[in-house]
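Residue-level structure breakdown
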Amino acid sequence: MLDINSLPDISELTDIDTNFRVFAGPGAGKTTWLIQHLINILKTSCRLHKTRKIACITYTNVAAEEVLSKLKCDKCRLDISTIHSFLYRNIVKPFSYLIANDENGNQLFDINSLDGHSEHIPHSDRIRRWQVTIEKLNGKRYGYFNDPKKKASLLTQLSRIDYFFVGDDIDLIFKRYRNVAVPTKNGELWIYKKKYWLDGIMHHEDVLYFSCLIIKKSPRILEFIRNKYPYILIDEFQDTTELQTWVIKKIAESGTKVGVIGDLAQSIYKFAGAKRRDFANFQLENIGSYKLGNNHRSTEKIIQFLNCLRTDICQEGTECTIEGSKVNVLIGSIYDAMKWIKDNDFQNTYILTRKNETVEEIKSQATKKTDDLLKILYGIDSNSARVKVLHSILMGFKFYKKGYLKDAIKEVLRPLKYKAHKSVPKLQLRNTAIEIIDILKKKETREKTLFQYYDELLSIVGREYQKQRRRHRQIIYGSVAVVSVIGMIWMLLIS
C-alpha cells in the first residue's frame, strides 16, 4: 500500500528529464509548484529545440486560465488546455479519417461535419430514431420511453453514459442507473451514440474513446505527439479516468516525459469515472514519487484539524502560518446547522458539499428550486437547430460574464459557422456574434423568457434580412456578404 508520508518532500525537481508523480494536500501549492517546474524546463531543457512545446493539462478551462494568468514568461512554447481539448486538437481532429468507417467498412462518423466537441445532452429526435432502430433489432416495443413520468429519468440516464475498460476492450456503461429499463445486451448504447456520430456530433466523453481507438489503429501517431511535446505535465491527476490514464501511459511509453500532480483526497469527479486508485497506482518506467508536505494556505488550527481528518498525508505549516481560530464541527441535520450559523451571527457563510444531491437539498430549504430549462428543451423540442442556437447563445453569454470574451464569441459562432456558406467572411460572422452578445447584455432582454427572446431574435433578423435583400437589389456587389450572413441566420432560426 502506498505510504505518502514516507515519500521525500520536494520543493524543486532538478532532473527535468524524468517521469514523476507528486502527491500533495490542500493548500500545498500544487499549481505554484507546477508553474515553477514549467519555467525550469523552459530555462534548462535541451529537448525543446525551436518548435517543440510543453503541454500542461488541467481538468477545467478555468484551471487552464489560472495557470496562464500566473505565468510571467513567454507562453509561445506552452500548450495549456484541458485533456479533452488537447486530445481533440492533436489526435482526433488531425487523424479523424481513421474513425470515418468501422472495421466492417460501414460509416461510423460523419467527419465532414465534425466541428469540435460538446456536452452530452440527450435530444428527443435522436432518442426517437434510436427507439425505432432498437425496436426493429429486438422485436419488441419500448413505448415506456415516451411515458412523461419516466422521460426525465431516461434523459438523465442517457446523459450519464460513459466509456470503461472491460478487460482489454472498451464498452459503454451507465455511470448511474435510474428507474428506467434501458436495453444494453445487443449493443443498444452504441447504436444510440451512432445517431449522434452520423450527424457529425462528438461529445466530450467521445473524445477519449476515439483517441484510444485512433491510437490502437495507428500507434505511430504517438511518435507525432512525442516529437511535438517532449514534456507533458498534468494537474489534478486524481480526477483522471481510465481512458485518460491509458492514453497518457501510451504517450509516455513513446518517449514523452510525463509528470503528474494531485491530491487523492480531493477527487471530486467520481461521477465522471475518475478513480483515486488510478493516481495511487500510476506507474511509468523510472518514475519518481514525491510529496509536498507544507500547507501555505491554512491556519495552524485548520492544519491540525486536517491532520485529524486524514492520515495519508500529514501537513505542516510554514514560518508565515498564523494560529487562527478554533474549528467548529457541526453534527446533525442541515436545518440545525443552518439555525446554529444564524444564531451565532456568522457572516458571509459558504457551504460546501460532497454530492450534488446535498446541494439541491440545501437549496430546497434555503431558496426556491429551479429546473434546468435547457435540458428540458432538448428533451421536448423536436427542432434540434433551434435549441442549439439558444444553447450556444446562453453558454456564450455565460463565458462573457466570466470575462472570457474569446470563448463567448467562439460559442455563439458555433451554430452560425455550421450553416454559413464558405463565401461568408469570418469577420462578418464574428461581428454578428458580438451583436448577439450585446443584445443579451440589456436588462430588458435578460428578463424575457427563452421563447420571448427567440421570437425577438427571429423578428430582428427577419427585418434585417428583408432590408438587406432590398438593398442588394440596388447594390449588386456591395452587400453580398451581409445578405449571406443575415440570410444564413434567418434560415437557421426558422428551420
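Residues numbered from 1 in each chain as written. Predicted model: local features only at pLDDT ≥ 70, side-chain atom pairs only at ≥ 80, totals over all residues. Heavy atoms only, no water.

Summed over the entire model, instances satisfying the criterion amount to 18 salt bridges. Between Asp263 and Arg310 there is a salt bridge, with its nearest N and O atoms 2.9 Å apart. Within this pair, whereas Asp263 is found in the loop between β7 (257-262) and α10 (276-280), its partner Arg310 is found in the loop between α11 (300-309) and α12 (334-343), the two being separated by 47 residues in sequence. Asp263 sits in the buried class, given a relative accessible area of 1%. A relative accessible area of 14% places Arg310 in the buried class. In this structure, Arg414 engages Glu411 in a salt bridge whose closest nitrogen and oxygen atoms are separated by 3.5 Å. Taken together, the residues span about one helical turn, with Arg414 and Glu411 both in helix α16 (residues 405-419) at a distance of 3 residues. The class for Glu411 is buried, based on a relative accessible area of 13%. In the salt-bridge network here, residues are joined through shared partners; they are Asp125, Arg126, Arg128, Arg129 and Asp199. (Salt bridge = Lys/Arg side-chain N within 4 Å of Asp/Glu carboxyl O. Helix = DSSP H or I, 4+ residues; strand = E, 2+ residues; numbered from the N terminus. Buried < 20%, exposed > 50% of the residue type's maximum accessible area, 1.4 Å probe, protein only.)

Turning to the nonpolar core, a few remarks are in order. Grouped together as the largest cluster of nonpolar side chains are 70 residues, with contacts concentrated most on Trp130, Met202, Tyr209, Phe210 and Ile232. Considering every element that reaches this core, the biggest residue donor is helix α7 (residues 204-217), with 8 residues. Discounting residues that sit within four places of it in the chain, Tyr209 has contacts with Tyr163, Ile170, Trp190, Trp197 and Leu243. Leu34, Ile41, Leu233 and Ile261 belong to the second largest nonpolar core, which has 26 residues in total. (Core = buried A, V, L, I, M, F, W, Y, C linked by side-chain atoms within 4.5 Å. Contact = heavy atoms within 4.5 Å.)

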